[in-house]
Amino acid sequence: MGLARDGRSLVSPPRLVYLCWLLSVTLCKTVRYRTYEEDAPGTVIGTLAEEMHVKAPGEISFRLMEQFSNSSLVRVREGDGQLSIGEEGIDRERLCGQSLQCVLAFDVVSFWQEQYRLVHVELEVRDINDNAPRFPQAHIPLEVSESAAPGTRLPLEIALDPDVGSNSIQSFQLSRNSHFGIEAQPRADGGKSAELVLLHELDRETQAAYTLELVAQDGGSPARAGTATVSVRVLDANDNSPAFPQGSVTVELGEDAPRGSLLLDLDAADPDEGPNGEIVYGFGSQVPAEARQLFRLDPLSGRLTLEGPVDYERQRAYELDVQAQDRGASPLAATCKVIVRLADVNDNAPGISISPLSGAPAGAGVAYVSEAAARDSFVALVSTSDRDSGPNGQVRCALYGHEHFALQRAYADSYVLVTAAPLDRERIPEYNLTLVAEDLGSPPRKTLRQCTVRVSDENDNAPLFSKPVYEVAVLENNPPGAYLATVAARDPDLGRNGKVLYRLLETQVLGAPISTYVSVDPATGAIYALRTFNYEILKQLELRIQASDGGSPQLSSSALIKVRVVDQNDNAPVITHPVLANGSMEIGVSSKAPPDSLVAQIKARDADDGVNAELTFSFVAEPQQQPELFAINKKTGEIVLRGDLSKELGQLFKVILTVTDNGRPPLVTTATINFLVTATAPSSSHEVTKPSTWEEKALEWDIPLIVIIILAGSCTLLLVAIITIATTCNKRKKEPYASAPNYSKESTPPVAIWKGHSFNTISAREAEKFSGKDSGKGDSDFNDSDSDISGDALKKDLITHMQNGLWACTAECKILGHSDRCWSPSCGRSNPHSSPHPSAQLSTFCKSTSLPRDPLRRDNYYQAQLPKTVGLQSVYEKVLHRDFDRTITLLSPPRSGRLPELQEMGMPLYQAPSTRYLAPQTDTSEKV
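As the structure is a computational prediction, the values presented were derived from the model and not from experiment.

Bringing the overall build of the chain into the picture now. Within the chain, the secondary structure is distributed over 11 helices and 54 strands. Each of the 928 residues in the chain was classed as buried or not, and the buried ones make up 45%. Across the chain, contacts joining residues at least 24 apart in sequence account for 70% of those joining residues at least 6 apart. Counting every atom, the chain has about 47,700 Å² of accessible surface; 52% of that belongs to carbon and sulfur.

Written out as structure tokens, the structure reads:
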């Protein structure tokens, strides 16, 4: 509703019915105020908050719609909607011209709790008498014939007064005289004109001219007046004056009449002859200049035609004073009033004005609305107008384009554009709507106007990852800072609402924060490793990445990233059973074990996984091939006997074992296996004892350590026995000794016998007390009569020592057939180089020492009583299997000789047994 020159677009006549609808969000309310023109700037007109009955003005705000471009006329206070006169003031004449009623209409939007209320304000501007009447010319010349009859009227120029109503010209006054009077006449356009009326006949010879003062006065309070001087010149007589058939003629003219259209053919008559009868037509002095441009009067023919376009909406009627004058010496004239009334036609299409609530300025046709706006939210004010009248000026408006918006009538010819459904900018960011305004004329005229509604963004979308769970694989032993993966989250919002930042959510991994393992680039979502991963320690790492936007309030989402550590072959196999000592192991094999019997099972583990932990067992081939005595299963590690060991008692076979994984490249562990052939009877199952679990391994004792402890205890017992025997011998040196076979009485050295874990010595006399004959009762017990020794405490002690010694009898005795008797070996030759460190000699006691195979040399051993009982045999086997993993035998002296003295006794030195390497089994998996 822009401001036009005549003010019609801004001023509307009072309407009898104002239509308002109460919307869920938008409520239209019409408020009317009155004010006088020329009020001082800042004068308060009214307060909208009071009209709307707002109890808390601070909670509501008011804003003048942009359609009202000339905001300098009226100001609106935002807090309470107070209306006041603007800086330029209000001039009714400038706004409304000669219109009797001047109404200034504009719209105000109120905001309260996310709701909008449209207030239509109609401000009636009342006129004040601020303008005085004035004549176009200060001097008005007139001519009249002396023969003019009384009552002749002489039109005067129209006086002007911009005021309206009672403030306009109401009366005219003429200075006192005896011949002329003044009379005011209403005009078709609403104004008043004055005519000079001849009261008495004139006599040019008596008075040829009259000077009169004309006063025009308005009806204001106080009244204002304008003055002009009228000069009347009396002309010589002309018998007849021209005459019109009618004194007043009214013509109807359509506003769409083309230029040149004939309005009227004036036909005045003058009965005179000659120049006195020739008539000339012309416009009177009261015809305004604008009318002279629109209409043309032919001076000879009197044809009145249309010279320019007329507009019913601009001016609906014109009054033309047409004067016909003869050409006599004293010309006479006659006047005819022609009233031209314009007829309205539907020659104006409706106009559409869009005033958005926010966004582009009015007239641009662009409005903005938030995607978070509720249903029926106010978007823009749509105003329609039509300059035509009647049905031609009645307009209806419709909206086309999308069902998300609707058009609702606010008042008169104004509508509000509101939302009709929830909006989603990410789905439809912009709507192109079409407004159609159509009048009710015949035929109707319509106007189309495009309106663009752009949806402004709200932070209503959280960042969304492409998938909720990411799976990433990384090889172990990666360098710190290695790139792992990139996660991406998309946010369809705009600006800060759509800017995504990534961060790592803290959690614990193996007791340490996850941030010490990986890091995340906040801008790109790239994930990097902060440390080297070890598959054997950490097989999978789970972390959660959060993506947040920059909106307010901030929205976020998260994704789970599973980092799988891929195993590499970085661990060599480890042999777990049997336990290695310095890279080798010793396995005892019974000489009586049958072929294809299970000797042992090698167990190994690999800390890697998958094929990297699949192990293969094999024996390394030696350059010199040996008979294949042992074979190993490649998969299970079971070692089986392939040959006969009955003739290999005491032999030591060395084999190189390799355990290889299936990694790329493969890793190999090598160990040496020493197979010691012993006289131990093989178990019925031919299987070795299964290894304990990993938890039990931690509690196992080291076998070499156990052997050392046992030997140390044996040496201690031997030392105690030597001291005891030496003390006893010293007491009996003066006693006579009984003769012993093959030895002289003078030299009766003590006899050394093996008892349990050490050597012990007895005298030769005591040795004779042991009988080599059986009692004849078969296998005797300890209660046998032959083994019952009565006597002093020494005899009992010896029996006790003998029993302990018999328990430690080796398997060699049984192999040689001595199930009921045992030969206790004598000490070897005396060591001429006695060492001050007896412990060193103990440590060199040969584990592979065995008895001679020649049965003829058995008499080199001293006989001892051996109880042949099952209970003793079981105790023997128990002691042998528990305390000794290997058979311990003593080497006999080469020939008989004298028994050395106690101080000459020594331990036999270790002699390395004969050993040989065994060739590996080429295909053990099929044989085992």
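As a further point, take the packing of aromatic side chains. Evaluation of the coordinates by the stated rule reveals nine aromatic pairs. A ring pair is formed by Phe180 and Tyr210, whose centres lie 5.4 Å apart and whose planes are at 75 degrees; its orientation type is edge-to-face. On the criterion of sequence distance, the pair formed by Phe180 in strand β11 (residues 180–186) and Tyr210 in strand β13 (residues 209–218) is long-range, its members being 30 residues apart. The rings of Phe465, Tyr470 and Tyr502 are connected pair by pair, giving a single aromatic cluster. It is Arg531 that lies over the ring of Tyr517; its NZ or CZ is 3.9 Å from the centre. Sitting over the ring of Tyr535, Lys539 keeps its end group 4.8 Å from the ring centre.

What follows covers the state of the cysteines. Taken as a whole and judged by the stated rule, the model has one disulfide. For Cys96, the disulfide goes to Cys102, at an S-S distance of 1.8 Å. Judged by the sign of its S-S torsion, about 60 degrees, the cystine formed by Cys96 and Cys102 is right-handed. Judged by relative accessible area, Cys102 falls into the buried class, the value being 2%.

The next point concerns the sheet that holds strand β2 (residues 44–47). Pairing in this open sheet of three strands is antiparallel, and the strands run β2-β5-β4 from one edge to the other. Two strands bound the open sheet, and with one partner strand each, they are β2 and β4 (74–76). Averaged over all neighbouring strand pairs, the angle between strand axes comes to 20 degrees, with direction disregarded. Taken together, the three bridges between β4 and strand β5 (residues 82–85) define a ladder with antiparallel strand orientation. If you follow Val74 over to β5, its bridge partner there is Ile85.

Turning our eyes to something else, we now look at the confidence of the model for the chain. The pLDDT averaged across the chain works out to 75; a share of 70% of its residues lies at or above 70. Contacts of residues 1–26 to residues separated by more than four positions or lying in other chains number 68 contacts, the stretch itself having pLDDT below 50. Every residue in residues 734–928 scores below 50 in pLDDT, and together they form 298 contacts with partners more than four places removed in sequence or on other chains.

What follows deals with the environment of Val230. Relative to the helices and strands, Val230 resides in strand β14 (residues 225–235). When its relative accessible area of 0% is taken as the criterion, Val230 is described as buried. The spatial distance from the C-alpha of Val230 to the C-alpha of Leu214 is 6.7 Å, given a sequence separation of 16 residues. Apart from residues lying up to four places away in sequence, Val230 is in contact with Ile140, Leu142, Leu156, Leu196, Tyr210, Thr211, Leu212 and Leu214.

With that settled, the discussion passes to the pattern of salt bridges. Using the criterion set out here, one finds 20 salt bridges in the structure. Notably, a salt bridge pairs Glu438 with Arg396, separated by 3.9 Å at the nearest N-O pair. Residue Glu438 is found in strand β28 (residues 430–439), and its partner Arg396 is found in strand β25 (residues 395–400); the two are separated by 42 residues along the sequence. A relative accessible area of 18% means that Glu438 is categorised as buried. Here Arg396 falls in the partly exposed class, since its relative accessible area comes to 48%. Note that Arg425 is salt-bridged to Glu426, the shortest N-O span being 3.1 Å. Overall, Arg425 belongs to the buried group, its relative accessible area being 8%. Classification of Glu426 as partly exposed rests on a relative accessible area of 24%. Where salt bridges share partners, they join Arg34, Glu124 and Arg126 into one cluster.

Right, let's get into the environment of Pro665. Within the secondary structure layout, Pro665 lies in the loop between β48 (652–661) and β49 (668–678). Residue classification places Pro665 among the exposed positions, given a relative accessible area of 59%. The spatial distance from the C-alpha of Pro665 to the C-alpha of Asn569 is 7.3 Å, given a sequence separation of 96 residues.

Okay, the sheet that holds strand β40 (residues 556–566) next. If you trace the four strands from one edge of the open sheet to the other, you get β31-β40-β39-β34, paired in mixed fashion. The open sheet is flanked by β31 (469–475) and β34 (500–505), the only strands paired with a single partner. This sheet shows a mean twist of 30 degrees between the axes of neighbouring strands, independent of strand direction.

What follows covers unusual backbone geometry. For the bond running from Ser221 to Pro222, omega is 0 degrees, close enough to zero to count as cis. For the bond running from Ser442 to Pro443, omega is 0 degrees, close enough to zero to count as cis. Residue position: Pro443 is located in the loop between β28 and β29 (446–456). Non-glycine residue Ala412 carries a positive phi angle of around 40 degrees. Secondary-structure assignment places Ala412 in the loop between β26 (405–411) and β27 (414–419). What makes Ala412 partly exposed here is its relative accessible area of 23%. Phi at Leu510 takes a positive value of approximately 55 degrees, unusual for a residue other than glycine. Residue placement: Leu510 occurs in the loop between β35 (508–509) and β36 (512–513). Its relative accessible area of 59% is what places Leu510 among the exposed residues.

By secondary structure assignment, the location of Asn459 is in the loop between β29 and β30 (464–465). Owing to a relative accessible area of 12%, Asn459 belongs among the buried residues under this scheme. Among the polar contacts made by the side chain of Asn459, one reaches the side chain of Asp549 at a distance of 3.4 Å. For Asn459, the side chain forms a polar contact with the main-chain oxygen of Pro553, separated by 2.8 Å.

With that settled, the discussion passes to the side chain of Asp218. On the secondary structure map, Asp218 appears in strand β13. The buried charged residue Asp218 lacks any salt bridge, with Arg224 as its nearest oppositely charged partner at 5.4 Å. Separated by 3.3 Å, the side chains of Asp218 and Asn129 make a polar contact. A polar atom in the side chain of Asp218 sits 3.4 Å from the backbone nitrogen of Gly220. Discounting chain neighbours no more than four positions away, the residues touching Asp218 are Asn129, Asn131, Ala132, Pro133, Asp161, Ser166, Asn167, Ser168, Ile169, Gln170, Ala223 and Arg224.

The rules we used
- Residues numbered from 1 in each chain as written.
- Predicted model: local features only at pLDDT ≥ 70, side-chain atom pairs only at ≥ 80, totals over all residues.
- Heavy atoms only, no water.
- Helix = DSSP H or I, 4+ residues; strand = E, 2+ residues; numbered from the N terminus.
- Buried < 20%, exposed > 50% of the residue type's maximum accessible area, 1.4 Å probe, protein only.
- Contact = heavy atoms within 4.5 Å.
- Areas by Shrake-Rupley, 256 points an atom, 1.4 Å probe, with all protein chains shown as cover.
- Phe/Tyr/Trp six-rings, centres within 6.5 Å; stacked < 30°, edge-to-face > 60°.
- Lys NZ or Arg CZ within 6 Å of the ring centre and 35° of its normal.
- Disulfide = S-S within 2.5 Å.
- Pairing = 2+ DSSP bridges.
- Axes fitted to C-alpha atoms, helices over the stretch in contact; angles between N-to-C directions.
- pLDDT = per-residue confidence, 0-100.
- Salt bridge = Lys/Arg side-chain N within 4 Å of Asp/Glu carboxyl O.
- Polar contact = N/O pair within 3.5 Å; in protein donor to acceptor, adjacent residues only side chain to side chain.
- Lys, Arg positive; Asp, Glu negative; His and termini not counted.

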